[in-house]
Amino acid sequence: MGSSSSSYAPKTVYLDVDGKVQKVVFSRHCSPCDIKELLCSSSNVPRNTAIMMVDPEGALVSIDPTMPTNSPNSLYKVVPLSTGQLGDKEDMFQNVLSQVADQFSRAFRINELKTEVTNRLAMLEKRVELEGLKVVEIGKCKNDLKKLRDEMTSRGGSRVNCPCKYNFDDGKKVTPRRDVPKYPKYTLSQDTIESLKKPTFDVWHWEHNEMLSCLEYMYHDLGLVKEFSMNPITLKRWLLAIQENYRSNPFHNFRHCFCVSQMMYGMIHLCNLQEKMTQTDMGILMTAAVCHDLDHPGYNNTYQINARTELAVRYNDISPLENHHCAVAFQILSLPECNIFANVDPEAYKQIRQAIITLILATDMARHGEILDSFKQKVDNFDFTNEEHVTCLKMVLIKCCDISNEVRPTEVAEPWVDCLLEEYFMQSDREKSEGLPVAPFMDRDKVTKPTAQIGFIKFVLIPMFETVMKLFPQIEEIMVQPLRDSRDHYEELKQIDDAMTEAQKKKTESMSLGGKKK
């Protein structure tokens, strides 16, 4: 009701007439001619005189029922066009013309924006269409690959080499990045900063640009940018190059790299390592964690060696993947625009390089027993001033971080098991098709999630973390206890699986006996 009655309310404007305020009231339904006549009489201007009305800034005000209202503090002025004030009239016309030109310019800009938005929408629709076609093509490719593998198996054909991104004989293949990195900056909240230091951090909630920003923050927070005189832009370029050189594997991908690096950052804080070790050691630990699985092809060392791949031949069957990760890491660092250690003394850089290589090579699980036994001999009388002791500790720390998923909460850890099994099954399927040996823990026909995890947690994770706990007792509650809980969880799942299998077996036997009686 309020809106309908307001349409009949009179309109009021205030005029400046010879320095005095003149109030003019008229109906909203008056014609422009009536309003002009009313304004003329109120301003002492003869009837039928051509007039214009301007605001205090000299801008033209339309003389019709839609004119904007004003106040006694912002008076309109009625100007007769027949007066001799030609100079003022000319200025006013010029003002009006400039306003009209500005309005036309805005209208053209709006049309340009509309055209640009329409073009972008068309491009996006085309991309969506192309992506849909890609999905169809990928499905066709998968079917073709399966047929090819089946054909190779039936013929007993030759093995396919594991693809490798880099051919070092042809020189560097890493694309230089001389531009300023443009990944969207993510500003970390105080809650994120605090949770980033804890093993409970949920790594699944972050996009790649956010993970890059978190890694960048870690380097700044630990004082590594200052310690190594890193150019912040170089640090961004290096991180982008790192991300681009992780493949889209189910498990060994950039998110795994971030996961391991975040756990290393958390252990540095939890164990107060900055008080016990040097800043150079912090840089070595973080950089080795970031680079430790670069260009992982998704097929482990056993496959590389059995299939006699290019990597296995290149590195003489000795940790072929880990050697390759190191090579790619330093290939990236060899680019001036990505060299975060460019301002480090050459002799110091040589030691940093050797230390990073040592840590990445330590992630080969074939060396697990050797490295853990060496640490066990030192842990009871550990000496932080002993270089050999500290190197051994750093090797154990990167190993802990590399296989630390079960330390995290179940809802964070369990999806990683699915990802790892998917990668294992891809490898075992390929091994079967190529006539290679298949490890039972990777065979989709033999392994389950509980059987895959129980032995690994009981005989690899818990013994290693409990040994580290001797040196850093503070990790028991936040890291070791979750491992024990995880072991109990998977043992319960296994009992349920076993019970269901037994029930199904009895049901099958019962049905079989019933069939014989008939």
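Everything numeric here is computed off the predicted structure, so don't read it as measured data.

## Things to note about the overall build of the chain
And then number 1: Looking only at helices and strands, the chain features 19 helices and five strands.
And then number 2: With 518 residues in all, the chain has 42% of them scored as buried.
And then number 3: Within the chain, contacts between residues separated by at least 24 positions form 71% of all contacts whose residues are at least 6 apart in sequence.
And then number 4: Carbon together with sulfur atoms contributes 53% to the accessible area of the chain, which is approximately 28300 Å² in total.

## Concerning the sheet that holds strand β3 (residues 51-54)
And then number 1: The three strands lie next to each other as β4-β3-β5, forming an open sheet whose pairing is antiparallel. Only two strands of the sheet have a single neighbouring strand rather than two, namely β4 (60-61) and β5 (77-80).
And then number 2: Sheet analysis places β3 next to β5, joined by four bridges and oriented antiparallel. Bridge pairing in β5 places Met 52 opposite Val 79.

## Quick word on the layout of surface pockets
And then number 1: Quantified by volume, the largest pocket comes out at close to 970 Å³.
And then number 2: Taken together, 40 residues form the lining of the largest pocket, with His 252, Met 365, Leu 420, Tyr 424 and Phe 456 sitting closest to its centre.
And then number 3: Mapped onto the lining of the largest pocket, the elements with two or more residues apiece are α11 (301-306), α13 (320-333), α17 (410-433) and α18 (449-471).
And then number 4: Counted by class, the lining of the largest pocket contains 20 nonpolar, 13 polar and seven charged residues.

## Comments concerning the pattern of salt bridges
And then number 1: If you walk through the whole model with that rule in mind, you get 19 salt bridges.
And then number 2: Notably, a salt bridge pairs Lys 236 with Glu 216, separated by 3.2 Å at the nearest N-O pair. A residue pair is termed long-range when its members are at least 10 positions apart, and Lys 236 in helix α7 (residues 232-244) and Glu 216 in helix α5 (residues 208-221) qualify at 20 residues.
And then number 3: On the accessibility criterion, Glu 216 (6% relative accessible area) is buried.
And then number 4: The residue Arg 444 makes a salt bridge to Asp 429 at a minimum N-O spacing of 2.7 Å. With Arg 444 in the loop between α17 and α18 and Asp 429 in helix α17, this pair connects stretches of sequence that are 15 residues apart.
And then number 5: For Asp 429, a relative accessible area of 27% puts it in the partly exposed group.
And then number 6: Overlapping salt bridges bring together Glu 414, Asp 418 and Lys 449 as one network.

## What about helix α14 (residues 346-361)?
And then number 1: Across its 16 residues, α14 extends 23 Å between first and last C-alpha, which sits within 8% of the 22 Å expected from 1.5 Å per residue.
And then number 2: The set of residues buried in α14 consists of Ile 352, Ala 355, Ile 356, Ile 357, Leu 359, Ile 360 and Leu 361.
And then number 3: Where α14 is buried, its residues contact α10 (279-291), α13 and α16 (387-402).
And then number 4: One side-chain oxygen of the residue at the start of α14 lies 3.1 Å from the amide nitrogen of Glu 347, identifying that residue as Asp 345.

## Topic: the packing of helix α8 (residues 254-270) against α10
And then number 1: For the pair α8 and α10, the least separation of the axes is 8 Å and the interaxial angle reads 160°. With respect to α10, the element α8 is oriented roughly antiparallel. The hand of the α8/α10 crossing is right-handed. Residues Cys 257, Val 260, Ser 261, Met 264, Tyr 265 and Ile 268 of α8 form the contact with α10, whose own contacting residues are Met 282, Leu 285, Met 286, Ala 289 and Val 290.
And then number 2: A per-class count over the contact of α8 with α10 returns 10 nonpolar, one polar and no charged.

## Notes on the packing of aromatic side chains
And then number 1: The tally for this structure, following the rule as stated, stands at 13 aromatic pairs.
And then number 2: Seen in terms of ring centroids, Tyr 219 and Trp 238 are 5.7 Å apart; in terms of plane orientation they differ by 65°. Their pairing is edge-to-face. Here Tyr 219, found in helix α5, pairs with Trp 238, found in helix α7; they are 19 residues apart in sequence, far enough to count as distant. Like Tyr 219, the residue Trp 238 is buried in the burial classification.
And then number 3: Ring centres of Phe 382 and Phe 384 lie 4.8 Å apart, and the angle between their planes is 70°; this geometry places the pair in the edge-to-face category.
And then number 4: The buried category is assigned to Phe 382, whose relative accessible area is 14%.
And then number 5: Among the aromatic residues, ring-to-ring pairing joins Phe 375, Phe 382, Phe 384 and Phe 472 into one connected group.
And then number 6: Arg 353 extends its terminal NZ or CZ atom over the ring of Phe 330, reaching a point 4.6 Å from the ring centre.
And then number 7: Looking at Arg 430, its charged tip hangs above the ring of Tyr 299, at a distance of 4.5 Å from the centre.

## Re unusual backbone geometry
What you tend to see is this: most non-glycine residues have negative phi, and most peptide bonds are trans.
And then number 1: Phi angles above zero are rare outside glycine, and Asp 295 is one such case at about 55°.
And then number 2: Note on placement: Asp 295 falls in the loop between α10 and α11.
And then number 3: Within the chain, Asp 317 stands out as a residue other than glycine whose phi angle is a positive 65°.
And then number 4: Along the chain, Asp 317 turns up in the loop between α12 (310-314) and α13.

## Concerning the side chain of Lys 378
And then number 1: Topologically, Lys 378 is positioned in helix α15 (residues 368-379).
And then number 2: By relative accessible area, Lys 378 is classed as buried at 10%.
And then number 3: Residues contacting Lys 378, with those up to four places away along its chain left out, are Glu 388, His 389 and Cys 392.

## Points about the packing of α15 against α16
Relative orientation and spacing of two packed helices are given, respectively, by the angle between their axes and the distance between those axes.
And then number 1: For the pair α15 and α16, the least separation of the axes is 10 Å and the interaxial angle reads 130°. Judged by the inter-axis angle, α15 sits oblique to α16. Both α15 and α16 take part in a crossing whose hand is left-handed. The residues of α16 that touch α15, namely those facing His 368, Ile 371, Ser 374, Phe 375 and Lys 378, are Glu 388, His 389, Cys 392, Leu 393, Met 395, Val 396 and Lys 399.
And then number 2: Counted by class, the contact of α15 with α16 contains six nonpolar, three polar and three charged residues.

Rules used throughout
- Throughout, a residue's number is its position along its own chain's written sequence, starting from 1.
- Under the rules for a predicted model, residues below a pLDDT of 70 receive no local features and side-chain atom pairs below 80 are neither given nor counted, while totals for whole chains, interfaces and linings still include all residues.
- Calculation of side-chain values draws on the structure's entire complement of heavy atoms; hydrogens and water are dropped beforehand.
- Secondary structure elements are defined from DSSP: runs of H or I of at least 4 residues count as helices, runs of E of at least 2 residues count as strands, and each element is numbered from the N terminus.
- Relative accessibility under 20% of the residue-type maximum defines a buried residue, over 50% an exposed one, and the middle range a partly exposed one, all with a 1.4 Å probe and only protein chains included.
- Contacts: residue pairs with any heavy atoms within 4.5 Å of one another.
- Here the accessible surface of atoms and residues is derived via Shrake-Rupley with a 1.4 Å probe, and residues count as covered only by protein chains that are part of the display.
- In this analysis, strands are considered paired if DSSP registers two or more bridges between them.
- A cavity, in this analysis, means grid points on a 1 Å lattice covering only the protein atoms where a 1.4 Å probe fits yet has no way out; a pocket is instead an open set bounded by protein on both sides within 12 Å along at least five of seven lines, and a residue lines either one if it has an atom within 4 Å of a point.
- Grid points are joined across faces, edges and corners, and a volume is the space filled by probe spheres set on the points.
- Only Asp, Glu, Lys and Arg are considered charged in this grouping, and only Ala, Val, Leu, Ile, Met, Phe, Trp, Tyr, Cys and Pro are considered nonpolar; every other residue, Gly among them, is considered polar.
- Salt bridges, as used here, are contacts in which a Lys or Arg side-chain nitrogen is within 4 Å of a carboxyl oxygen on Asp or Glu.
- The span you would expect from a helix comes to 1.5 Å times its residue count less one.
- In protein, a polar contact means a hydrogen-donor-capable atom and an acceptor-capable atom, both N or O and within 3.5 Å, with residues adjacent in sequence counting only if both atoms are side-chain atoms; elsewhere, any N or O pair within 3.5 Å suffices.
- With axes taken as lines fitted to C-alpha atoms, and helix axes fitted only over the stretch in contact, angles between N-to-C directions fall between 0 and 180 degrees.
- Angle categories: roughly parallel below 35 degrees, roughly antiparallel above 145, roughly perpendicular from 65 to 115, and oblique for all the rest.
- By convention, the crossing between two helices is left-handed when the near helix turns anticlockwise from the far helix through less than a right angle, and right-handed when the turn is clockwise.
- Two rings from Phe, Tyr or Trp (for Trp, the six-membered ring) form a pair when their centres are within 6.5 Å of each other. A pair whose planes differ by under 30 degrees is stacked, one over 60 is edge-to-face, and the rest are tilted.
- Cation placement over rings: the criterion is NZ of Lys or CZ of Arg within 6 Å of the ring centroid and within 35° of the ring normal.

Geometric descriptors of this kind do not, in isolation, establish any biological role.
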